[in-house]
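Here's the letter readout for the chains.
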Amino acid sequence: MAAALGRWPLGLALCCLLGASLAVDRGNFKTCEQSGFCRRQRRIQPGHSPYRALLESLELGPDVARMRLVNEVTQVPLLLELWGLSGNVTRLRIQELNPLRPRYQVPDVLMGEPPAERLEVTGRDEGTLELALGPGGHRLLVTERPFRLDLLRHRELLCSVNARGLLVFEHQRRRRDSLADKVSSVWDRIKSLFRREPPKDPPGEEGAAQEGPEDGAGGTQSEKPAEPPAEPEEEPGAWEETFKTHTDSKPYGPTSVGLDFSLPGFEHVYGIPEHADNLRLRPTEGGDPYRLYNLDVFQYEVFTPMALYGSVPLLLAHRPRLSLGLFWLNAAETWVDIGSNTAGKTLFGKLLDYMQGGGETPQTEVRWMSESGVIDVFLLLGPRPGDVTAQYGRLTGTQALPPLFSLGYHQSRWNYQDEADVEAVERGFEEHELPLDVLWLDIEHADGKRYFTWDPAKFPNPRGMLERLAARKRRMVSIVDPHIKVEGGYRVHSELRARGLYVKTKDGNDYEGWCWPGSSAYPDFTNPEMRKWWANMFAYDQYEGSTEALFTWNDMNEPSVFSGPEVTMHKDARRHYGGWEHRELHNIYGLYVHKATAEGSRRSGGRLRPFVLSRAFFAGSQRYGAVWTGDNTADWEHLRISIPMCLSFGLAGLAFCGADVGGFFQNPGAELQVRWYQAAAFQPFFRANAHLDTARREPWLLSPEHLAMVRAALRRRYALLPTWYTAFYRCHRQGIPVMRPLWMEFPEDPQTFAMDDQNLIDRVLLVHPVTEQGARGVNVYLPGEGEVWYDMETHEQHRAPQTLYVPVTLSSIPVYQRGGTVIPRQDRPRRSTEAMRNDPFTLYVALSPQGTAEGDLYLDDGVSFDYATKNAFLHRHFSFANGTLTSSSADPRGSMSSPAWLERVVILGVGRPDSALLTHDGSQTPLQFQHDPERSVLTLRRPGVPIGADWSISLR
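(A) The arrangement of the packing of aromatic side chains in detail. In total, this model carries 42 aromatic pairs according to the counting rule given. Summarising the aromatic geometry, the rings of Tyr409 and Phe686 are spaced 5.0 Å apart at their centres and angled 65° between planes, so their arrangement reads as edge-to-face. Within this pair, whereas Tyr409 is found in strand β21 (residues 409–411), its partner Phe686 is found in strand β31 (residues 686–688), the two being separated by 277 residues in sequence. Using a relative accessible area of 0% as the deciding quantity, one classes Phe686 as buried. Taking 6.1 Å as the distance between ring centres and 55° as the angle between the ring planes, the aromatic pair formed by Trp454 and Phe459 counts as tilted. Residue classification places Trp454 among the buried positions, given a relative accessible area of 9%. Its guanidinium or amino end placed over the ring of Phe865, Arg602 lies 4.1 Å from that ring's centre, counting from NZ or CZ. In this arrangement the basic side chain of Arg603 is found over the ring face of Phe551, its NZ or CZ atom lying 5.7 Å from the centre.

Here's what the structure looks like:
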């Protein structure tokens, strides 16, 4: 929930923080010009870098190369480290050689130290060094002056680093406040005018303007200044910065870092969520860069680079035959500038360049700017799109395999008022034959907004309520936020204060701010002891009234501080674990909350999988559960933007993504509500949610006609749950998104590169949600040279590639099965996923033009880690070729008994056979079938074989 009107503990005074508008108040959030380090760095123009690589300082170990860099104006030395990692990944890190205090290096994101390849010097001449990065044919050219890196695969240039000279490393220094310091600074500047050897090629960039000498850093091994270097005048805001009424003290001074990357041949870049924008990132010249800074943004706007609730500093680039990724491992406030030499050119202009044989080679420039930390970058070298996401998954982990129930439908509202309200809503789903897996409770369920408690008047018997839900094979999620009510009699607060586990202010006191409970303190989740304590609070004997049917939602974990700058924590809050300021680690705070909650939810001896939804996130959050797009609005633009937002999340590893169905704020009309259900049924996380001030919008409050459409969307989702769960298993194992853009599967088709109004589910389904009010038709692009797609409802065949105009009514959503695939479904309507657990399966076999198809089905118990610890799973492979459909084990390590069986086989794109013969356990049985000659659809009835068995069906 955003900081919304009418909920402030202090009433009107705090409401004024956000104003009375119905959209985001941009004045509450910084622009680049208002962010001191972004302003300083962005004023640097591309040009000649002051940094030089001291090639003679190279130290080559078995798996890392180290050398020094030096700023030739300030003589401040830096350390450059280079790795060639296994699986086509290159890492570079730049840090101060002799810092006054350690620089923050982000922990707990990487899955351990990535294995490295052996490095070798393969070339050297005056001013250039060549390194071979393992056996993959990748080479790194290091240029001495100005410092530059060029990464090549064989003879092809993949990426250049610091080619535009925008490397910035504001080194740590002591503040020069005294009169003597000022006189000394002037004297230093006078002496600098008379240096015997002024630096060659004086830079025109801010790295020189911002950086002064560091005490005790007496140059480098190879050369030292004859006189102490001049220290420049500090720009206002370097040591103290004010935004609105908040002043940010900076006791360590300016410490920002920045670096540019040039991507030759690339026009399309993606990623760096979270932004409410198109999938393809836009050039940022003339506007603000994309901002990564976790914030609670009230009723956010769409099509803007403003920061939102989460941050993943991963950018992907794609062109035919090559995909790359840049992973910038930094948890401080970060801005990303995108430049393009083709920006502004029309399609006709590009075509004219091509026809005339001229024009520039497309190139994208990416510039990262972070307030503090070190430069630590992973270059993910693909070459295919799935290789890049897999490389990122090996670094930061893949999406946790969700419990099966969490892929069903979730019903939420701020707030279901009491146990009677919960019972009435759950009964409404029963009476109207609507599937439902989870009911949600927002902050009003707690006693005075004290988390881990229940309001004794509204929820006097939470255990009984949960047991009644579980008896009907449903579950509940309650909210637990990371702001703790400051109140002496509240056990959670008393223990955290006594243990010293709160974040501290710059003065060493417990950090307090305003949030939903009023005065609130903020646990230091960067502290392992704090996370362990928090996890223990989810034990059944600690969280009173909880059962195995209760799961958790972490909201407001950016962290949201209503009274703080930009509605978040002060950057100069200190004494995070290890003594770090909040500015160093702001973007990772939400990940730590998510991690601690997920670890606490591994109950029953750690056997059961958790489900935790988090609003804030960072790289690696995918290991702990689901995320969503935050507090959206009930309008058509927010429905449309949910598609590219979730696609962007998936590319950055966060596969379990969704958007509040119907919009959190305001009231959707019936058409918008129906269209949102239809779209969300094909997004990974499927939850309706609404603000306290909106009208109730349970589906049966719609007209009977519209209710039937919502019911159809819900049932379609549940029928496809076997396909969803199998796709999530593949994502968990391989790191490939579940909901993915078309270019991931059709990487040679430029028409797909900027497409974000339709998407794929796994590789098997193409979905084009209807997101225009009053639409009577949509244009659907069917990709794939020589491929065929089948309408999921009519089974009509369509050859590809083509753009197909599809007439639509309010009850329809265009969905197509890819020819050459097999989709498992469970088509019997049930009340929940658990109720359909043993239901029979139907296989939909969509033949390619060559008459072949392949697919798979993954099954386990849906709730535990037994699939990983005991190999308790089934993974079946289905293949159709030469008129025969076969089922075999896709992974012989797995073993599990299942009563589920095969009820039907529907084969699309096939002629009528004379007979169909089932072979199973050494015996053969003829099958009954029905053939539709107009649509070329063959239906085989009741094969009756166990879903986990080996069998074949031959058409003759």
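Read on for the rest.
(B) Examining the sheet that holds strand β28 (residues 612–614) more closely. Spatially, the eight strands line up as an open sheet ordered β30-β29-β28-β27-β23-β22-β21-β31, and their pairing is parallel. The sheet terminates laterally at β30 (657–658) and β31, the two strands that pair on one side only. Both strand β22 (residues 438–441) and strand β23 (residues 475–479) contribute to a ladder of four bridges, which runs parallel. Bridge pairing links Leu441 to Ser478 in β23.

(C) Inspection of the pattern of salt bridges at higher detail. What the rule picks out here adds up to 76 salt bridges. Linking Arg91 and Glu113 is a salt bridge whose minimum nitrogen-to-oxygen distance equals 3.4 Å. Pair noted here: Arg91 is in strand β4 (residues 89–96) and Glu113 is in the loop between β4 and β5 (119–125), with a separation of 22 residues, a long-range link. Here Arg91 falls in the buried class, since its relative accessible area comes to 4%. For Glu113, a relative accessible area of 65% puts it in the exposed group.

(D) View of helix α9 (residues 491–499). Among the residues of α9, those classed as buried are Val492, His493 and Leu496. One side of α9 holds all its buried residues, which, seen down the axis, span an arc of 95°. The secondary structure elements touched by the buried residues of α9 are β24 (484–485) and α10 (528–536).

(E) Local environment of the sheet that holds strand β50 (residues 951–955). Strands sit in the order β47-β46-β50-β44-β43-β42-β40-β41-β45-β49-β48 across an open sheet of eleven strands; the sheet is mixed. Only two strands of the sheet have a single neighbouring strand rather than two, namely β47 (923–926) and β48 (929–932). Adjacent strand axes in the sheet meet at a mean angle of 20° when their direction is disregarded. With six bridges connecting them, strand β41 (residues 841–846) and strand β45 (residues 902–908) associate as parallel partners. Note on β45: the bridge partner recorded for Leu843 is Val905.

(F) Layout of the state of the cysteines. Summed over the entire model, instances satisfying the criterion amount to two disulfides. Each disulfide pairs two cysteine sulfurs, and for Cys32 the partner residue is Cys38, the sulfurs being separated by 2.0 Å. Residues Cys32 and Cys38 share a disulfide whose torsion about the S-S bond is about -100°; that sign makes it left-handed. The exposure class of Cys32 is buried, given its relative accessible area of 3%. The side chain of Cys646 participates in a disulfide bridge whose partner is Cys657; the two sulfur atoms lie 2.2 Å from each other. In this structure, the disulfide formed by Cys646 and Cys657 twists by about -75° around the S-S bond and is classed as left-handed. Here the residue Cys646 occupies a position in helix α14 (residues 636–651), and Cys657 occupies one in strand β30, the gap between them amounting to eleven residues. Comparing Cys646 with Cys657, the two get one shared label, buried.

About the criteria used
Numbering of residues starts from 1 in every chain and runs along the sequence as written. For a predicted model such as this one, the threshold for reporting local features is a pLDDT of at least 70, and the threshold for listing and counting side-chain atom pairs is 80 or more; totals across whole chains, interfaces and linings nevertheless cover every residue. Only hydrogens and water are set aside; all other atoms, that is, all heavy atoms of the structure, feed into the side-chain values. The criterion for an aromatic pair is that two Phe, Tyr or Trp rings (for Trp, the six-membered ring) have centres within 6.5 Å, with stacked assigned to planes under 30 degrees apart, edge-to-face to planes over 60 apart and tilted to the rest. Helix and strand assignments follow DSSP, with helices taken as H or I runs no shorter than four residues and strands as E runs no shorter than two, numbered in order from the N terminus. Each residue gets one of three labels from its accessible area relative to the maximum for its type: buried under 20%, exposed over 50%, partly exposed in between, using a 1.4 Å probe on protein chains only. Definition used: whenever NZ (Lys) or CZ (Arg) falls within 6 Å of the ring centre and also within 35 degrees of the ring normal, the charge is taken to sit over that ring. Whether two strands pair depends on DSSP finding at least two bridges between them. We define a salt bridge as a contact between a side-chain nitrogen of Lys or Arg and a carboxyl oxygen of Asp or Glu at a distance within 4 Å. Summarising the geometry, the arc corresponds to the directions from the helix axis toward the C-beta atoms. Residue contacts follow a heavy-atom distance rule, with two residues in contact if any of their heavy atoms lie within 4.5 Å. Angles here are taken between N-to-C directions and fall from 0 to 180 degrees, while the axes themselves are lines fitted to C-alpha atoms, restricted in helices to the stretch in contact. Note on disulfides: each one is a pair of cysteine sulfur atoms within 2.5 Å.

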